[in-house]
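Notes for the structure review
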Amino acid sequence: MFELSGKTIPLSDIRHEANVPMSAHTTFHAGGHAKEMFFPKDMDELVMVKRCFAGPGVKCMVVGKGSNLLFDDEGYDGVIINIDKDFARAEVEEMSDGSGAYIRAQAGIRLAELALLARDHELTGLEFAYGIPGSLGGAVVMNAGAYGGEMKDVIDSVIIIDENCNIKTVPAAEMDFAYRHSAVTDKQIVAGAVLKLQKGSRAEIKAKMDDFQARRREKQPLEYASAGSTFKRPEGYFAGKLIEDSGLKGYRVGDACVSEKHAGFVVNLGHATATDIKQVIADVQRIVYEKQGVHLEPEVRII
């Protein structure tokens, strides 16, 4: 799945679009247009696109589901490599001792789809990821997590295209996983990963996934566009409580708003601009620091 055939592919043969609205490729549904976007469907195409746009002075970045990104309203004057549904295959390989299995997956696969695949093969460990609105690649980069689980708990190895366009398999122990952090740099691309999961009860796995999803629906503003939790959890605190205690629930600039349901979420009520959202984030940081003495660091990456 991650092999390179070595064939030469003309860049023009790879699916691409010009002047692409990033509001259509981010869960915030805001932001300007990207100059150009490429949609590689396999490793050969992904390496070719990276090789063409990896030089100095060239603006180029990778986007998956865009669940943790906010692009400026002025747009992105560069190339976006879109690793999404065209690059989203997965396969299951049972362990020889029958204790579990490996899932080898491309970076564009949705975490929810991966969790369902694990459930259907009676594999436990990925239940926490069922409701996280992102893809595998982004989840690896930021070591995504929820409800006591993190990607580092299930990753066996990561397939990376490095700054020199070489394909490397990096063991989990060398990924420097920490809270919302990994060793992946902006000059590298996560092409996929191998997950190591243990055998479990399908009924118990499903029950846990259903429980997590019910908790999300009850506590999180899933009815509005957002990037999930807007701020990282400060050590010793909870961002949502700090924001609520600062009287900021419902704080609004344009259609960008601190959720009334969960203060840790900045949401798009319908027509928020990236400027609106950035202003709410900045105001929340300032006011929480003034009232609570704690600096909130955005979990959302602002481009």
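So, here is what we can say about the structure in this document. (Residues numbered from 1 in each chain as written. Predicted model: local features only at pLDDT ≥ 70, side-chain atom pairs only at ≥ 80, totals over all residues. Heavy atoms only, no water.)

Bringing the environment of Gly250 into the picture now. With respect to the secondary-structure elements, Gly250 resides in the loop between α5 (239–245) and β15 (252–253). According to the relative accessible area criterion, Gly250 is partly exposed, its value standing at 25%. C-alpha separation for the pair Gly250 and Val140, spaced 110 residues apart in sequence, amounts to 32 Å. With near-sequence residues (within four places) excluded, Gly250 lies in contact with Cys257, Val258, Ser259 and Glu260. (Helix = DSSP H or I, 4+ residues; strand = E, 2+ residues; numbered from the N terminus. Buried < 20%, exposed > 50% of the residue type's maximum accessible area, 1.4 Å probe, protein only. Contact = heavy atoms within 4.5 Å.)

Here we come to the sheet that holds strand β1 (residues 16–21). Judged by pairing direction, the sheet is mixed, and its 4 strands sit side by side in the order β1-β2-β5-β3 without closing on themselves. Two strands close off the open sheet at either side, each with one partner strand: β1 and β3 (60–63). On average, adjacent strands in this sheet sit at an angle of 35° to one another, irrespective of strand direction. (Pairing = 2+ DSSP bridges. Axes fitted to C-alpha atoms, helices over the stretch in contact; angles between N-to-C directions.)

What follows is about the packing of helix α2 (residues 111–120) against helix α4 (residues 202–219). Two elements in contact, α2 and α4, have axes separated by 9 Å at closest approach and are oriented at 155°. Judged by the inter-axis angle, α2 sits roughly antiparallel to α4. Each of Ala115, Leu116, Arg119 and Asp120 in α2 lies in contact with α4, whose residues at this interface are Arg202, Ile205, Lys206 and Met209. Of the residues that constitute the contact of α2 with α4, the class distribution is 4 nonpolar, no polar and 4 charged. (Parallel < 35°, antiparallel > 145°, perpendicular 65-115°, else oblique. Nonpolar A, V, L, I, M, F, W, Y, C, P; charged D, E, K, R; others polar.)

For the rest of this paragraph, the subject is the pairing of strand β2 (residues 33–38). Strand direction decides the pairing type here: β1 and β2, joined by 5 bridges, are antiparallel. Bridged to Pro21 within β2 is His33. In terms of strand pairing, β2 meets strand β5 (residues 76–82) through 4 bridges, oriented parallel. If you follow Met37 over to β5, its bridge partner there is Ile80.

On to unusual backbone geometry. The phi angle at Glu122 is positive, at roughly 55°, despite the residue not being glycine. The topology assignment puts Glu122 in the loop between α2 and β8 (123–124). A relative accessible area of 36% means that Glu122 is categorised as partly exposed. Phi angles above zero are rare outside glycine, and Arg180 is one such case at about 55°. By the element assignment, Arg180 lies in the loop between β12 (167–171) and β13 (189–199).

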